[in-house]
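Understanding the architecture of this molecule
Listed here are the chains, written in short residue letters.
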There are 2 protein chains.
Amino acid sequence: MTKASKNSGEFDLIERLFAPYADPDTALNLRDDAACYTPQAGYDLVISTDMLVSGVHFPLAASPEMVAGRLVGSNISDLAAKGAVPVGCLLNLALGADWDEAFLTAFAAGFGARLQDYNMPLWGGDTVQSQRGQNAMVSLSVYGVVPQGTMVRRDGAQIGDDVYVTGNIGDGFLGLQHALNQSQGESLATFAQPDPPLAFGQGLRGLATSCLDVSDGLAADLDHLCAAAHVAMRLEASAVPLSKEGQAYIAQRPAQLMDLLAGGDDYQLAFTAPASAAAPLSRLAGETAVRLTRLGCVESAAADQYRAVFIDQMGENLVLERRGFQHF
Amino acid sequence: MTKASKNSGEFDLIERLFAPYADPDTALNLRDDAACYTPQAGYDLVISTDMLVSGVHFPLAASPEMVAGRLVGSNISDLAAKGAVPVGCLLNLALGADWDEAFLTAFAAGFGARLQDYNMPLWGGDTVQSQRGQNAMVSLSVYGVVPQGTMVRRDGAQIGDDVYVTGNIGDGFLGLQHALNQSQGESLATFAQPDPPLAFGQGLRGLATSCLDVSDGLAADLDHLCAAAHVAMRLEASAVPLSKEGQAYIAQRPAQLMDLLAGGDDYQLAFTAPASAAAPLSRLAGETAVRLTRLGCVESAAADQYRAVFIDQMGENLVLERRGFQHF
């Protein structure tokens, strides 16, 4: 950590625990006040940051591996949506009162394993101790590169484009229920260790006209794409890709599809692309082993109608009382 | 904010409040998931981050202007120490329960004014709501540039170098006492709105062999320079530059110098440079209106003696029970 060199042994412990994941050149072995990085000529640096609060973005009783997995996954998701190749990250920790040596050791191991999954070294950060009774808070800033001018933006959707989503929608919501109820299910792993389609996202450069990661909830996030590009979307509700668990969840109560559309935390990619991209996208999905689903298309709209409309099997507009994530 | 587009009006408010300080090109008007930046060819990017917790790094009752001033000042201080020119920043906010619209509006105005002081646009960030009863937490990541290979590092001190410090030492400590006791004094402004010697720091490129900012406490921070370079320092305690308030503080009780040496929060620069740099440093100090003081010199040391030794006027080693910042 750039500022881990405080007085207490705890900060020495943290420096020791995280040193194996540091890039010695950029991070100066985590022993300077700053990291120093030179992007290759012809590349843009893509920068994003997400913070997670204990009791808000992960359960108070979350395991250290879950905290690490959600922190890295939610941040990598932003780089995936922008088509970027990860090059480094900064970690800020406000330690909770219950973050003892065992917790920190397991957190560092889980964090480091996820960094290695994405070939993303640690550049530095800052560590502070929360006050007594205060919750832990963790934030990551992630850095990636793209060839100059090729970052996939949020605001590029064109009328007539197709609308796609990767993976399954709703497993973030279902996994959160497992985490809160301490029940089991395949979606729990999706919630605890989100693994965004990074290679697929990088392949979207030059194919997608706009993209974001599904973090707030598919409905709310598609609304964001619409608002940014001043368009609307017409989508088939029945096309929304669900896991077996998701299918079972709505089998008895079809209206519960709303929970999955508004649940958030999926860390999949939602994007738009012209019809000419359909064949290359299909190949890319095959090469990167990603489930790819076309949901519908981009339409023109009046200024107060920039939103995603889901159509049910009766041809009726699906009314969603909620469209995005509610913090628990 | 890259993720301010949540559900509630509060996040819309935040986006509106901070938009005037955003760089539209890099930050994509704060409406994308990421910022996109291309350093000029031949430049390195210097990256640092500091987080502040309410009740730890600023008093629970701190004004919004004090929170903003300390956040920007403590981060700019790291860029100053590295000789970097600020180019942008990311702001992460975990809102406290008492951060109502009036507080947020004043915070944004104070934050924006400080960004404009340093010509540093906002690139994005993330905003979350702390849980009920939880303290506010703010963190900034700052980005600067230096001509390739010229970043002033922490580990370059050479035996025989002179040791310097800018400004006054101890006003951070004295200002903190004012903030806690709600008393008045010139040092309160130094604590509330630290203004690190940025232009002076940029002038240190090619002159200083090592540098850091005085944030933990002058004694502890000089120890860091020693440890990084495997050297010791021999310094005159009577040379430590004090404000009139600092001089008054030790006038009756000379032993209280320890409070000023270990107090931290000064956000001045401590650095080493060869004798050949003395004249250019003196010119640089004059041009940038910085008080510059030579404290002593760098010496060789055994491996267990890498630390800064202050000598009193009797020629005795000053024994410091504390060498760095204690969180309040």
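Residues numbered from 1 in each chain as written. Chains lettered and ligands numbered in written order. Predicted model: local features only at pLDDT ≥ 70, side-chain atom pairs only at ≥ 80, totals over all residues.

1. Some remarks on the domain arrangement of chain A
Residues and elements named next belong to chain A. Domain boundaries in chain A define domain 1 (9–147) and domain 2 (162–311). Relative placement of domain 1 and domain 2: their C-alpha centres are 26 Å apart. Of the residues lining the interface, 16 residues belong to domain 1; the matching set on domain 2 comes to 19 residues. When residues of the side of domain 1 that touches domain 2 are assigned to their parent elements, the largest contribution, eleven residues, is made by helix H3 (residues 64–81). For the side of domain 1 that touches domain 2, the residue count by class is nine nonpolar, five polar and two charged. (Domains from an automatic or database assignment. Contact = placed C-beta atoms within 7 Å. Helix = DSSP H or I, 4+ residues; strand = E, 2+ residues; numbered from the N terminus. Nonpolar A, V, L, I, M, F, W, Y, C, P; charged D, E, K, R; others polar.)

2. Regarding the interface of chain A and chain B
Residue-level contacts link 55 residues of chain A with 54 residues of chain B. Elements represented by at least two residues in the side of chain A that touches chain B include exactly strand S1 (35–37), strand S2 (43–53), H3, strand S3 (85–95), strand S4 (122–129), strand S5 (137–147), strand S7 (210–213) and helix H8 (218–229) of chain A. With nine residues, the top contributor of residues to the side of chain A that touches chain B is S2 of chain A. Grouping the constituent residues of the side of chain A that touches chain B by class yields 22 nonpolar, 18 polar and 15 charged.

3. Let's talk about the pairing of strand S8 (residues 232–236) of chain A
The sheet contact formed by S8 of chain A and strand S10 (residues 292–299) of chain A spans four bridges and is antiparallel. When the sheet's bridge partners are listed, Ala232 of chain A is paired in S10 of chain A with Glu299 of chain A. (Pairing = 2+ DSSP bridges.)

4. Considering the relation of the copies chain A and chain B
Taken as rigid bodies, chain A and chain B are interconverted by a rotation of 180° and an axial shift of 0.0 Å, the fit giving an RMSD of 0.0 Å. Within this description, the copies of the chain are treated as partners about a two-fold rotation axis. When each C-alpha of chain A is compared by its distance to the rotation axis, Gln134 of chain A comes out closest, at 2.8 Å. Both copies present the same face, since 98% of the interface residues in chain A are matched by interface residues at the equivalent positions in chain B. (Least-squares fit on C-alpha atoms with pLDDT ≥ 70 in both.)

5. Overview of the sheet that holds strand S9 (residues 269–273) of chain A
Residues and elements named next belong to chain A. Taking strand neighbours across the sheet as the criterion, the six strands line up as S7-S9-S6-S10-S8-S11 in an open arrangement whose pairing is mixed. A single partner strand is all that each edge strand has here, and the edge strands are S7 and strand S11 (308–311). Averaged over neighbouring strand pairs, the angle between their axes works out to 25° when direction is ignored. Across four bridges, the pairing between strand S6 (residues 162–166) and S9 is antiparallel. In the strand pairing of S9, Val163 is matched with Thr272. On top of the sheet, H3 reaches S7 and S9; it is set at about 175° to S7, its chief contact. Together, S6, S9 and S10 form the strand contacts of helix H11 (residues 278–287), whose direction differs from that of S10 by roughly 150°. (Axes fitted to C-alpha atoms, helices over the stretch in contact; angles between N-to-C directions.)

6. What about the nonpolar core?
Grouped together as the largest cluster of nonpolar side chains are 209 residues, with contacts concentrated most on Val46 of chain A together with Val46 of chain B. Beyond its immediate chain neighbours, meaning those up to four positions away, Val46 of chain B contacts Ala34 and Cys36 of chain A together with Leu79, Lys82, Ala84, Gly144, Val145, Val146 and Met151 of chain B. (Core = buried A, V, L, I, M, F, W, Y, C linked by C-beta atoms within 7 Å. Buried ≥ 20, exposed ≤ 12 C-beta atoms within 10 Å, placed from the backbone.)

7. As for the pairing of S2 of chain A
Most of S2 of chain A sits inside the fold, with ten of its eleven residues counted as buried. Sheet topology places S2 of chain A next to S5 of chain A; eleven bridges connect them, and they run antiparallel. Residue Thr49 of chain A lies in a different strand from S5 of chain A, and its bridge partner there is Ser141 of chain A. Of the strand pairs in this sheet, S2 of chain A and strand S1 (residues 35–37) of chain B are connected by three bridges, and their pairing is antiparallel. Among the inter-strand pairings, Val46 of chain A is bridged to a residue of S1 of chain B, identified as Cys36 of chain B.

8. Remarks on the confidence of the model for chain A
The predicted model of chain A has a mean per-residue pLDDT of 91, with 94% of residues at 70 or higher. Across the interfaces of the predicted complex, the ipTM metric reaches 0.86, alongside a pTM of 0.90. (pLDDT = per-residue confidence, 0-100.)

9. Details of helix H4 (residues 101–117) of chain A
All names here are of chain A. With 17 residues, H4 extends 24 Å from end C-alpha to end C-alpha; this agrees with the ideal 24 Å at 1.5 Å per step. Residues of H4 that are buried include every one of Phe107, Ala108, Gly110, Phe111, Arg114 and Leu115, and no others. Among the residues trailing H4, Asn119 stands out with phi positive, at a value near 55°. (Expected span 1.5 Å × (residues − 1).)

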